[in-house]
Amino acid sequence: MMDIEEFRRQAHRMVDWMADYMGGIESYPVRAQVKPGEIAAKLPDGPPAQSESMDLIFEDFQRDVMPGMTHWQHPSFFAYFTANSSPPSVLAEMLTAALGAQCMLWQTSPAATEMETKVLDWLRQMTGLPDGFHGVIQDSASGAILCAILTAREQATGWQGNKAGLKNVPRLTAYTSGETHSATEKGIKIAGMGADNLRKLPVDENFAVIPEELERMIVEDKAADAVPAIVIASIGATGVGAVDPLRRIGEICKKHGVFLHVDAAWAGSAWILPETRWMMDGMEYADSVVFNPHKWMFTNFDCSAHYVRDPDALIHTLTILPEFLKSREQGQVIDYRDWSVPLGRRFRALKLWFVIRSYGVEGLQEMIRAHIGYAEELEGRIDAAEDFELVAPRVLALTTFRYHPKGVDDEAELDRLNEALIMRLNDGGKLYLTQTRVRGKYAIRFNIGQTWTERRHVEAGWREIVETASGL
């Protein structure tokens, strides 16, 4: 068993390694360059019977584990949406791990509960969300979407879904864009509403939901004795960053009594910039909204900010009170275990508190504004390039494009070329990109949002794309 002095020695050593890692992360290939099974082959088939030294364990970590890591904190990580980190966030995570608290009730860690309430309201103010929203930190936007679906289900069934099940209640329907994250369909399945009852809405030339189509579907479903339960609008959807017209959607939801959830998992962090808040027009109609500081606010995964208009509805949906969870403070304090699906809760608010205090609102604004500026410059380069084309409007720091060399107009061949391009780029390790399909066309996403990314990384990434494409 490790004693405290040995822990101190190893902790200092590992902190030094972490600092070196952050400082030298550009020396690593962005994406892991291993084959399936390669890391597992290095690990023993069974556990050790006797204690092993931490020196040996750490050496094995560096030799056997690190080659199999994709480096999400690399400044040339342009794939997916980022799950970024920062030094103050890492320090907070170290303290959280040392405390080892399970923060399900106010009583099990009053500071964790009260800090979560306070910091989530800081974040509400920072992003311009209206008064009346109450925040909770979820593990992911997927978890928040599920909570929204469950709450909408219960309201639509008169709180009978949890009690009697869905067999004897009307058929429930849900509505969302075809651009929406797959977490929506998963949540509908988990909630027992059935994927067949999820209506995928058509989109316009900017990939935004067409409100008239939403209302038409709601009216048709009501005429067929279904109960429209929830609309999930997207602000910055995964594929091309689509932004739905929130005000018009909200008016339709209010008219028909439908729960409105806003999924802004990626784009919501940009609301700390006043110039991006046009996306929020109509937010007063929302029943709940989510965005992820762990995507673009330099806070370690997991930290998803979920805001609800009516906390009592969420609590009524999720609360179960066995004897062992009762406390004398019940009714006087918030017990966040009633606000999410898992009972157990980590002290996630600490890292957000560290990050906001360490950078300040102005520092965070400067970083996000810089990322958007780099993307705007990249958009200009792509637009000016003879053999490349934009396939969707840039949204914030996400640019979607494809390689389209002169004289090649066969769509199947263009798909093949772009797939070959992205595979060659990612295999090279100098940058990491992911793909999407835009109206059937294979396209490349270039998302800028990593904590350490500077203009030079974006410029180098574009050069690598151009040079690699010319060699296909």
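Everything below is about the structure shown above.
A brief look at the structure comes next.

Criteria and thresholds
- Residues numbered from 1 in each chain as written.
- Predicted model: local features only at pLDDT ≥ 70, side-chain atom pairs only at ≥ 80, totals over all residues.
- Heavy atoms only, no water.
- Salt bridge = Lys/Arg side-chain N within 4 Å of Asp/Glu carboxyl O.
- Helix = DSSP H or I, 4+ residues; strand = E, 2+ residues; numbered from the N terminus.
- Buried < 20%, exposed > 50% of the residue type's maximum accessible area, 1.4 Å probe, protein only.
- 1 Å grid on protein atoms, 1.4 Å probe; cavity = no way out; pocket = protein on both sides within 12 Å on 5 of 7 lines; lining within 4 Å.
- Points joined across faces, edges and corners; volume = space filled by probe spheres on them.
- Nonpolar A, V, L, I, M, F, W, Y, C, P; charged D, E, K, R; others polar.
- Pairing = 2+ DSSP bridges.
- Axes fitted to C-alpha atoms, helices over the stretch in contact; angles between N-to-C directions.
- Contact = heavy atoms within 4.5 Å.

1. Notes on the pattern of salt bridges
When their charged atoms lie close together, side chains carrying opposite charge are able to pair.
Step number 1: Under the defined criterion, the tally for this structure stands at 39 salt bridges.
Step number 2: Here Glu185 makes a salt bridge to Lys200, at a shortest N to O gap of 3.8 Å. Taken together, the positions of Glu185 in helix H8 (residues 183-190) and Lys200 in strand S3 (residues 198-201) put the pair 15 residues apart, joining distant regions of the chain.
Step number 3: The class for Glu185 is partly exposed, based on a relative accessible area of 30%.
Step number 4: A single network of salt bridges, built from pairs that share partners, joins Glu93, Asp302, Arg346, Arg348 and Lys351.

2. Topic: the layout of surface pockets
Step number 1: As a volume, the largest pocket reaches approximately 910 Å³.
Step number 2: Contributing to the lining of the largest pocket are 32 residues, with Met14, Trp17, Met18, Val90 and Met94 lying nearest its centre.
Step number 3: Of all the secondary-structure elements, those providing two or more residues to the lining of the largest pocket are helix H1 (4-23), helix H3 (54-65) and helix H4 (87-99).
Step number 4: Here the lining of the largest pocket is composed, by residue class, of 23 nonpolar, eight polar and one charged.
Step number 5: Within this model, the second largest pocket holds a volume of roughly 480 Å³.
Step number 6: Around the second largest pocket, the lining comprises 28 residues; the ones closest to its centre are Phe81, His181, Thr238, Ala265 and Lys295.

3. Here's the deal with the environment of Gly194
Step number 1: With respect to the secondary-structure elements, Gly194 resides in the loop between H8 and S3.
Step number 2: Distance in space between the C-alpha atoms of Gly194 and Leu172 is 8.7 Å, their sequence separation being 22 residues.

4. Digging into the pairing of S3
Step number 1: Strand direction decides the pairing type here: strand S2 (residues 172-177) and S3, joined by four bridges, are parallel. The residue of S3 that forms the bridge with Ala174 is Leu198.

5. Details of the sheet that holds strand S8 (residues 388-390)
Step number 1: Strands sit in the order S8-S9-S11-S10 across an open sheet of four strands; the sheet is antiparallel. The open sheet terminates on both sides in strands that have one partner only, identified here as S8 and strand S10 (434-438). Taken pair by pair, the neighbouring strands of this sheet meet at an average axis angle of 45°, ignoring direction.
Step number 2: As defined by bridge partners, S8 adjoins strand S9 (residues 398-403) across three bridges and the pair is classed as antiparallel. Bridging from a neighbouring strand, Phe388 pairs with Tyr403 of S9.
Step number 3: Against the sheet, helix H15 (residues 455-470) engages S8, S9 and strand S11 (441-447), with an angle of about 125° to S8.

6. Quick word on the sheet that holds strand S5 (residues 259-263)
Step number 1: Sheet architecture is open: seven strands sit in the order S1-S7-S6-S5-S4-S2-S3, paired in mixed fashion. Single-partner strands in this sheet number two, and they are strand S1 (134-138) and S3. Taking the axes of each pair of neighbouring strands and ignoring which way they run, one obtains an average angle of 20° across the sheet.
Step number 2: The sheet contact formed by strand S6 (residues 288-291) and strand S7 (residues 304-308) spans four bridges and is antiparallel. Residue Phe291 lies in a different strand from S7, and its bridge partner there is Ala305.

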